[in-house]
Amino acid sequence: MMQPTRSCSLYRFIRDENLRSKILEWSDKYGFGPINVLKGHNFYSLLNDVIDNCPDEYALISCNDLIWPMGLGFALDGATGGADREFGPEKWGVIGNCGIEYFSQKPLRYLRNVSSTVIPCSSAKPRPATFLDPNTLLLNISNLRRLGIRLPASLQGVHLHALALIMECYKKGLVSAVDSHLYVMDLAEFDHPQFRKEYSGAEFGNYVSQSFINKTIKTNHGPVNLSNTIDYLTDPRKDKRLDYYGLIDKVVQNTYIERPKKIVTVVTRTMLGRMNQLFRLLDSIRIAALCCGDRLVLKVVLAVNNADPQTREANIETLLSKYADLDISVSDSANDKQYPRVYAMKNALSLIRDDSSFVWFVDDDDFIYPEAIQHLPAFLSDDSIFIGDSAIFEEKWEEGKTFPVKSKRVGTYKTDQYHECIMGDNKIPVCSIIYPVAVIKQIFEKFRFLGDYTEDYALYLVASCSCEIVSIPMLIAGISFHGANTILEKDRTHWHHSYTAFISEIVEKKVIPSWVCRFAREKSSEIARLQAQIKEISNRQPHAAVIIPETSHPQPYQMPQKRWIGRRMEQSFRRFRKSAWRNIRVFIFGD
Amino acid sequence: MAEVVDVFCSVSSKEIGKVRSWLIPSLRDQRQVSRISLHLINYTGVGRIYDGPDRVGKVTIREISKDTPCGFGEAHNFAFEKVAPADYFLVINPDVYCHEDCIFELVRTVESNRSAGLVEARQLPFEHPKEYEESTGHTPWASGSCVFVRSSFFRATRGFDENFWMYCEDVDLSWRAWLNKYEVIHCRDAVAYHFTGAHYQYRDDRFYLEQFWCARNFIYLMYKFWGPEGEKKATRLLKGTWYPEDFKSEAIRSFQQIKSKMADEPALLNLTSRMVYANKIKVLGYNVYHVER
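Residues numbered from 1 in each chain as written. Chains lettered and ligands numbered in written order. Predicted model: local features only at pLDDT ≥ 70, side-chain atom pairs only at ≥ 80, totals over all residues.

## So, the overall build of chain A
Secondary structure summary: chain A contains 18 helices and 24 strands in total. Relative to its full complement of 591 residues, chain A shows a buried share of 41%. (Helix = DSSP H or I, 4+ residues; strand = E, 2+ residues; numbered from the N terminus. Buried ≥ 20, exposed ≤ 12 C-beta atoms within 10 Å, placed from the backbone.)

This is how it looks when you write it as structure tokens:
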């Protein structure tokens, strides 16, 4: 058994005395070392005991008869080391294995229990959390003591002490997070009635409402609803309480301000034929650059390809002088008629010298969201692809205007569709993804990429099989539909040839594991079978609506087709669809 | 070419970062405007908010304060009295980035139309779905996030109604413009980038100031223009919303406080004006003052 290289005391909180002997027996048998078994019905006070009396720098606390991994030392080293690297040694308070991730507000669960046996994927790094389940908590005792963090004596119970602890941590500027290093097995059933009883009691409600204005806290076990006052609305000057999630945002963002700035290069492939739209994109980059100065460096590479030789030089000169405040490079653009888009990409990459930076491909008629840029440093990591949301706008442009004369938001590409790309069609627009430069360069070294259109899909498929994916439902780009979009071309021949070229190479080079392909194929045929059934029923029973997923990708933002079918069929279809997609997501990439 | 344009922006320390990083650079880069005087109204009334340079390019920056906390309308009325802008002034949110021709287009519109009282800029990327007439730009109300105001109109109508404190005072001012024979114009070519707002959806774990003050001011606005009949309708519409009972009761209670302080003035809309301005001054649902485009 590996012992942790950092000094960490191990604790078990139990309510049933009979567990004590079993836990001590495990400790001997599996070499965990000395374990402090603390019995009580008030875990708040037990937690305070640990904070006050733990002899070590860290404390690992688990409840009841949770099963720890035999290589616990590795897990603890991984979790503490990861948090130190991600937030800074003095910036974190507690790490758990199950909670609600701050950025996405999605539940993360790194444990096997009676309700979930699915194998989770790695969290890659500790993810800041707004809620932690108390089954396993790794406390940074030094930081908690240094900042005088303790739980209030007025609180009692066994389910919400972790939430109270992270609230206290955030108040003092410490981050709390979820990390897959702390994976365990939990054999006990969750006690929902007791959980409800604890949060609906006056003590917990009073405790939260003293500091925070929120009426709901999202947890892995359902929302904690609190009856809170609304004085902050009627007289915000007097009611100085905080928004819990706003406080977390501030604390988390602050941990990244002091870190080295990350560099993101926006690569825009352009034929310089849509200058007004390009001005709009550069305007959005300028606005973003103005507000991200202390956190992120934004650069631009204009990958000019197949531009009109008559106007090329003059247009480039105009761009460079109008946006002299931006760091813009122009890639050398000897024209390539067969693979201009891939060619332009490669050319642009050659101008990005820093392989530890990031690249964001944004088409010249699209734009970026400045508000999002400030949050990017927290998500970008050299071993992950970042995926955000993109809004779709139907626009009308007029000659001489550098903004659309009409613009209407008609939809959104959602980040949580990323796993559906395995079904053979692209669901994520290129401007929704930010890649580590090193990853893209490696792909272009290894792959021929002899095609043109759908190159973004191919790139994503390959990259997603070699990297973690961080998908955050945050609007990062706007996509313009103005009638002259390449993707709307009616003749699909060029698209099909490119698609075939890319997928053929991906198949040949075994990019996607064979079992994943098989899994996707089986799910795909199940969907097709179900769709056939729906079609049959819809002819007979036109009473209720159901949303049918698209099996192909006919138009980029077409709303799902609605058909009329029976209600029971609709319910079973939705259940099926939910479970099918959940499985695919978890097996391949994880949440 | 416009000579000097006064710009009013009410701020606290929460918003001053955006003023520095977005608003001031975008004002500096305005084309066909000689000088801009940016008046930062410290609505907290405490200390100083802005510690940057007094001049950035063509923009001179001055912080003013009433030395007491004040709402949106009160802050701008104070600035108007103190600065006394000659012909017109711009009211703008701190988190707006003006397109380089924004102010020029606003000036051009207000100068070419002598009855224009309010000229609002078009917000992008999330264009307001509010109706407007293509040929004249006439719109029922102008959003206060970036609106050009004719000084004579503002003076004649005694500016913003300070009872609103925040939210809906722009609708009130617009309706009073129509009633006083001024036009409210949506200027399609004046673009203001405003990346925040309703399109970044509010979370449901808390309420927001906008939700509460829009509820309270919705009743007040309807009472002010339609009298007790309007109050009754507004209360009924508010009660039909998803907000919890304590929220609704608090909004109604807050309105009653204002009502009890009001003099016994008649409703602003009489039978004739109801007919004349039916297409401009209208309520189509809870907090809905326009037809969606």
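On we go from here.
## Focus: the overall build of chain B
Scanning chain B from terminus to terminus reveals nine helices and nine strands. Against the 2.2 N^0.38 benchmark of 19 Å for 293 residues, chain B shows a C-alpha radius of gyration of 19 Å, consistent with a compact globule. A burial count over chain B gives 49% of its 293 residues as buried. Here the analysis covers contacts within chain B between residues at least 6 apart in sequence; of these, 77% occur between residues at least 24 apart. (Rg over C-alpha atoms; globule rule 2.2 N^0.38 Å. Contact = placed C-beta atoms within 7 Å.)

## Notes on the interface of chain B and chain A
Taken residue by residue, the interface counts 26 residues in chain B and 25 residues in chain A. When contributions to the side of chain B that touches chain A are tallied by element, the ones reaching two or more residues are helix H1 (16-28), strand E9 (183-194), helix H6 (209-226) and helix H8 (245-261) of chain B. It is H8(B) that provides the largest number of residues to the side of chain B that touches chain A, a total of four residues. Of the residues contributing to the side of chain B that touches chain A, the split by class is 14 nonpolar, four polar and eight charged. (Nonpolar A, V, L, I, M, F, W, Y, C, P; charged D, E, K, R; others polar.)

## Details of the domain arrangement of chain B
Accessible area lost during the coming together of the parts is what is often quoted as the interface size. All names here are of chain B. The domain boundaries assigned to chain B delineate domain 1 (2-194) and domain 2 (209-276). Distance from the C-alpha centre of domain 1 to the C-alpha centre of domain 2: 26 Å. The interface of domain 1 with domain 2 comprises ten residues on the first partner and 13 residues on the second. Across the side of domain 1 that touches domain 2, the residue classes tally to eight nonpolar, one polar and one charged. (Domains from an automatic or database assignment.)

## Brief notes about the pairing of strand E8 (residues 146-150) of chain B
Residues and elements named next belong to chain B. Burial of E8 is extensive: five of the five residues sit out of reach of the surface. Of the two faces of E8, the one holding Cys-146, Phe-148 and Arg-150 and the one holding Val-147 and Val-149 are both buried throughout. Bridge count between strand E5 (residues 88-92) and E8: five bridges; the pairing is antiparallel. Bridging from a neighbouring strand, Tyr-88 pairs with Arg-150 of E8. Bridge count for strand E7 (residues 116-124) against E8 is three bridges, and the pairing is antiparallel. Within the sheet, the bridge partner assigned to Glu-120 lies in E8 and is Val-147. (Pairing = 2+ DSSP bridges.)

## Here's the deal with the pairing of strand E17 (residues 358-361) of chain A
Residue and element names in this part refer to chain A. Across the two faces of E17 the burial is the same, with Phe-358 and Trp-360 and Val-359 and Phe-361 all buried. Sheet analysis places strand E14 (residues 262-270) next to E17, joined by four bridges and oriented parallel. Counterpart to Val-264 in the pairing with E17 is Phe-358.

## Focus: the packing of helix H2 (residues 43-53) of chain A against helix H5 (residues 161-171) of chain A
All names here are of chain A. Where H2 contacts H5, the two axes come as close as 9 Å, and the packing angle between them is 50°. When the axes of H2 and H5 are compared, the pair comes out oblique. Both H2 and H5 take part in a crossing whose hand is right-handed. Across the interface between the two elements, Phe-43, Tyr-44 and Leu-47 from H2 touch His-161, Ala-164 and Leu-165 from H5. When the residues that make up the contact of H2 with H5 are grouped by side-chain class, the tally is five nonpolar, one polar and no charged. (Axes fitted to C-alpha atoms, helices over the stretch in contact; angles between N-to-C directions. Parallel < 35°, antiparallel > 145°, perpendicular 65-115°, else oblique. Left-handed = near helix turned anticlockwise from the far one by under 90°.)

## Some details on the environment of Gly96(A)
Residue and element names in this part refer to chain A. Within the secondary structure, Gly-96 is located in strand E4 (residues 92-96). Sequence separation of Gly-96 and Ala-484 is 388 residues, and the distance between their C-alpha atoms is 50 Å. Leaving out residues up to four positions away in the same chain, Gly-96 has contacts with Ala-129, Leu-132, Asp-133, Thr-136, Leu-137, Ala-162, Val-178 and Leu-182.

## Brief notes about the sheet that holds strand E6 (residues 107-109) of chain A
Residues and elements named next belong to chain A. Pairing is mixed in the open sheet, where nine strands are placed in the order E2-E1-E3-E9-E4-E10-E8-E5-E6. Bordering the open sheet on either side are strand E2 (35-39) and E6, each of which pairs with just one other strand. Across the sheet, the mean angle separating the axes of adjacent strands is 35° when strand polarity is ignored. In this structure, strand E1 (residues 8-14) lies alongside strand E3 (residues 58-63), joined through six bridges in parallel fashion. Note that in E3 the partner of Arg-12 across the bridge is Ser-62.

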